[in-house]
Amino acid sequence: MSDQQDAKPTEEKAEQPEVSAEENETADKTPEQPPKEMRAVVLTGFGGLKSVKVLKKPEPTLGEGEILIRVKAWSYETLVNFYQTTRSYNSKYSHLSTHRRENLKSYVYHNFFLNFTYPLRCLRVPPGVRVPQVEYHWSRPVVFNLGGLNFQDLMVRQGAIDSPPKTPFTMGFECAGEVEEIGEGVTDFKVGDRVVALPEYRAWAELVIVPSRYVYHIPAELSYLDAAAIAMNYLVAYILLFELGGLAPGKSVLVHSAGGGVGQAVAQLSKTVSDVTVFGVASKNKHEALKASIDHLLERGSDYASEVRKLSPEGVDIVLDCLCGDECNRGYSLLKPMGRYILYGSSNVVTGETKSFFSVARSWWQVDKVSPIKLFDENKTLSGFNLRHLMYQQNGAPYIKRIMESVFSLWKDGKIKPVVDSTWALEDVPEAMQKMHDRKNIGKIVLDPEMEPKPKPATPAKGKAKGGDKEEKKKEEE
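Nothing here was measured: the structure is a model prediction, and the numbers come from that model.

Draft legend 1. How the structure looks around the environment of Leu375. Within the fold, Leu375 resides in helix 13 (residues 372-378). As for Leu375 and Met338, which are separated by 37 residues in sequence, their C-alpha atoms are 9.7 Å apart. Setting aside anything within four residues of it in sequence, one finds Leu375 in contact with Tyr332, Val370, Lys380 and Leu382.

This is how it looks when you write it as structure tokens:
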């Protein structure tokens, strides 16, 4: 009896259908996840503004000696709506009036557009500003990770820079953010570090991978906005003035594009040395805004050399030229004995929206050829500075790291304060580039990947427009 009972389960098992190995493998397989994507500002072809587009790109893969920086900037609009993005918000306080929301929005925009890592209630609120009293805490620190726009980016877009990568590629040479992951062999950084980076391209994306030698720690009190505004501009200005120019008390400096990011950095750094006179060349419409930082303002496009001679008959000690072309000859003619002329750009080759071979040839042709014998006889010095070549082609990373530390030390001591002209969404990069191209900015132009783009004007359909015209004509005939 027991043998028969024991045999029944065996028979039942035997009757179960056999499952093949292939079917088992199919059952074990989980559906493949689509590759993660990020937004990036991509140059699709050299030329005009239409070639700059915000596209979805696969997230980059971390390699040895590299650092992954997460771009998760929060705009002021996001801060106003913080209760929608924080898991721990108590919903009973979610019904805020429009007036109180707009009040908070205005206050946050003008006062907290910085490294925001603590609750709103910890900040001092001026009289007259009503902030909603809510119960919440942040599930993780809120940070601004931003990118900077430089004139070099305009030259890259046009293909007016040497050895550009093949299109399409992600643009940008500068960004600030938080370390999310580190590659094998990286010892100077850890996850969560606040950094600024100067990669060769690929900076304008939500995720950026940068070799660790081009990444720099930023002071704890320094906002990401200011870090993005300081990094490249003040680095260049510091090298021009102190490393190449030998700025000392009693000297005089002439700087072109005085209203730009580097020009404003030169003006501030010059004032860290006593009795230094700064001559600044800028468009007439910028003079009112620049008069506090520049001793003598000169109009762009005018005979500024004569104006300098009236104020300083002997000339100036240092000329900082980012234009090239005919300005090289004028700058050299203004040098005192023992003076130094330093070329650090060639923005005169950017005349229209696209690359002009005529402009490039003209800039080259207009520059006089100065022999070493002439420099010897006149006791003058000619210098050049190309940050991109120094960093990426001439092994200058250790030198740049030392200079960056000196710049941040000056910020800690309160001797410099970056000037930010405006902040733009990634989708509005073409407009930001146009503003810089037209030389309308005063200070740094910063890109915020979390900022809402400006609304585009609606364009009526062609068919509807034509139909509307016909109807209007019929009405007039009637």
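Draft legend 2. The arrangement of the packing of helix 7 (residues 224-244) against helix 8 (residues 261-270) in detail. Where helix 7 meets helix 8, the closest approach of the two axes is 8 Å, and the angle between their N-to-C directions is 50°. Our classification of the angle between helix 7 and helix 8 gives oblique. Pair helix 7 / helix 8 crosses with right-handed handedness. On the side of helix 7, the interface is formed by Asn233, Tyr234, Val236, Ala237, Tyr238, Leu241 and Phe242, while helix 8 contributes Gly261, Val262, Ala265, Val266, Gln268, Leu269 and Ser270. Tallied by class, the residues present in the contact of helix 7 with helix 8 amount to 10 nonpolar, four polar and no charged.

Draft legend 3. Summary view of the sheet that holds strand 10 (residues 252-255). Taken in spatial order, the six strands line up as 12-11-10-13-14-15 in an open sheet, and their pairing is parallel. If you trace the sheet from one side to the other, it starts and ends with strand 12 (296-299) and strand 15 (381-384), each paired once. Each neighbouring strand pair of the sheet contributes to a mean axis angle of 15°, computed without reference to strand direction. Strand direction decides the pairing type here: strand 14 (residues 335-343) and strand 15, joined by four bridges, are parallel. Bridge pairing in strand 15 links Leu343 to Gly384. Here helix 7 sits on the sheet and contacts strand 10, strand 13 (316-321), strand 14 and strand 15; the angle it forms with strand 14, its principal contact strand, is near 150°.

Draft legend 4. The arrangement of the sheet that holds strand 1 (residues 37-43) in detail. Across the sheet, which stays open at both edges, the three strands sit in the order 2-1-5 with antiparallel pairing between neighbours. The sheet is open, and its two edges are formed by strand 2 (52-58) and strand 5 (169-170), each paired on a single side.

Draft legend 5. Spatial organisation of the pairing of strand 8 (residues 207-211). Counting buried residues in strand 8 gives five out of five residues, a clear majority hidden from the surface. Going residue by residue along strand 8, you find Leu207, Ile209 and Pro211 tucked away on one face and Val208 and Val210 tucked away on the opposite face as well. Bridge count between strand 3 (residues 66-70) and strand 8: five bridges; the pairing is antiparallel. Within strand 8, the position partnered with Ile69 by the bridge is Val208.

Draft legend 6. The environment of Tyr332, seen in detail. Structurally, the position occupied by Tyr332 is in helix 11 (residues 326-333). Sequence separation between Tyr332 and Ile342 is 10 residues, and the spatial gap between their C-alpha atoms is 9.4 Å. Every residue in contact with Tyr332, bar those within four places of it in the chain, is listed here: Tyr341, Val370, Lys374, Leu375, Glu378, Lys380 and Leu382.

Draft legend 7. Structural detail: the pattern of salt bridges. If you walk through the whole model with that rule in mind, you get nine salt bridges. As a salt-bridge pair, Arg402 and Glu243 come within 3.7 Å of each other at their nearest N and O atoms. With Arg402 in helix 15 (residues 397-412) and Glu243 in helix 7, this residue pair connects regions lying 159 residues apart in the sequence. Taking the shortest distance from any N to any O, the salt bridge between Asp317 and Lys336 comes out at 3.7 Å. Highlighted residues: Asp317 in strand 13 and Lys336 in strand 14, separated in sequence by 19 residues.

Draft legend 8. Focus on the confidence of the model for the protein. Mean pLDDT over the protein stands at 75; residues scoring 70 or higher make up 67%. Note that pLDDT drops below 50 for residues 1-5; the model gives that stretch zero contacts with residues more than four away or on any other chain. Scored below 50 in pLDDT, residues 7-14 makes zero contacts in the model with residues more than four places away or belonging to other chains.

Draft legend 9. Representation of the side chain of Glu174 within the structure. By secondary structure assignment, the location of Glu174 is in the loop between strand 5 and strand 6 (175-182). Only 3.0 Å separates the side chain of Glu174 from the backbone nitrogen of Met232, close enough to count as a polar contact.

Draft legend 10. Quick peek at the environment of Arg39. Inspection of the secondary structure assignment puts Arg39 in strand 1. For Arg39, a relative accessible area of 16% puts it in the buried group. Linking Arg39 and Glu427, residues 388 residues apart in sequence, is a C-alpha distance of 9.9 Å. Not counting chain neighbours up to four residues away, the residues in contact with Arg39 comprise Val54, Leu55, Lys56, Ala205, Glu206, Leu426, Glu427, Pro449 and Glu450.

Draft legend 11. Structural detail: the packing of aromatic side chains. Evaluation of the coordinates by the stated rule reveals five aromatic pairs. Centre to centre, the rings of Phe173 and Tyr201 are 4.8 Å apart; their planes meet at 45°, and the pair counts as tilted. Residue Phe173 is found in the loop between strand 5 and strand 6, and its partner Tyr201 is found in the loop between strand 7 (194-197) and strand 8; the two are separated by 28 residues along the sequence. The buried category is assigned to Phe173, whose relative accessible area is 1%. Pairing Tyr214 with Tyr392 gives two aromatic rings, centres 5.1 Å apart and planes at 90°, and the pair type is edge-to-face.

Cut-off values and rules
- Throughout this description, residue numbers start from 1 for each chain and increase along the sequence as written.
- Owing to the predicted nature of the model, reporting of local features is limited to residues with pLDDT of at least 70; listing and counting of side-chain atom pairs is limited to 80 or more, with chain, interface and lining totals taken over all residues.
- Side-chain metrics rest on all non-hydrogen atoms present in the structure, leaving aside hydrogens and water.
- The way it works is that DSSP assigns letters per residue, a run of H or I at least four long becomes a helix, a run of E at least two long becomes a strand, and they are numbered from the N terminus.
- Only heavy atoms matter for contacts: two residues are in contact if any of them lie within 4.5 Å across the pair.
- Every axis in this analysis is a line fitted to C-alpha atoms, fitted for helices over the stretch in contact. Angles between the N-to-C directions lie between 0 and 180 degrees.
- Put simply, angles under 35 degrees are roughly parallel, angles over 145 are roughly antiparallel, angles from 65 to 115 are roughly perpendicular, and the rest are oblique.
- In this scheme, a crossing is called left-handed if the near helix is turned counterclockwise away from the far one by less than a right angle; it is called right-handed if the turn is clockwise.
- Each residue is assigned to one class: nonpolar for Ala, Val, Leu, Ile, Met, Phe, Trp, Tyr, Cys and Pro, charged for Asp, Glu, Lys and Arg, and polar for all the others, Gly among them.
- Note on pairing: DSSP must find at least two bridges between two strands before they are called paired.
- For every residue, the accessible area obtained with a 1.4 Å probe (protein chains only) is divided by the maximum for its type, and the residue is called buried under 20%, exposed over 50%, and partly exposed between those limits.
- In the sections that follow, a salt bridge refers to a side-chain nitrogen of Lys or Arg positioned within 4 Å of a carboxyl oxygen of Asp or Glu.
- In predicted models, pLDDT denotes the confidence assigned by the predictor to each residue on a 0 to 100 scale.
- In protein, a polar contact means a hydrogen-donor-capable atom and an acceptor-capable atom, both N or O and within 3.5 Å, with residues adjacent in sequence counting only if both atoms are side-chain atoms; elsewhere, any N or O pair within 3.5 Å suffices.
- Here the aromatic set is Phe, Tyr and Trp, taking the six-membered ring for Trp, and pairing holds for ring centres within 6.5 Å; pairs whose planes are under 30 degrees apart are stacked, those over 60 apart are edge-to-face, and all others are tilted.

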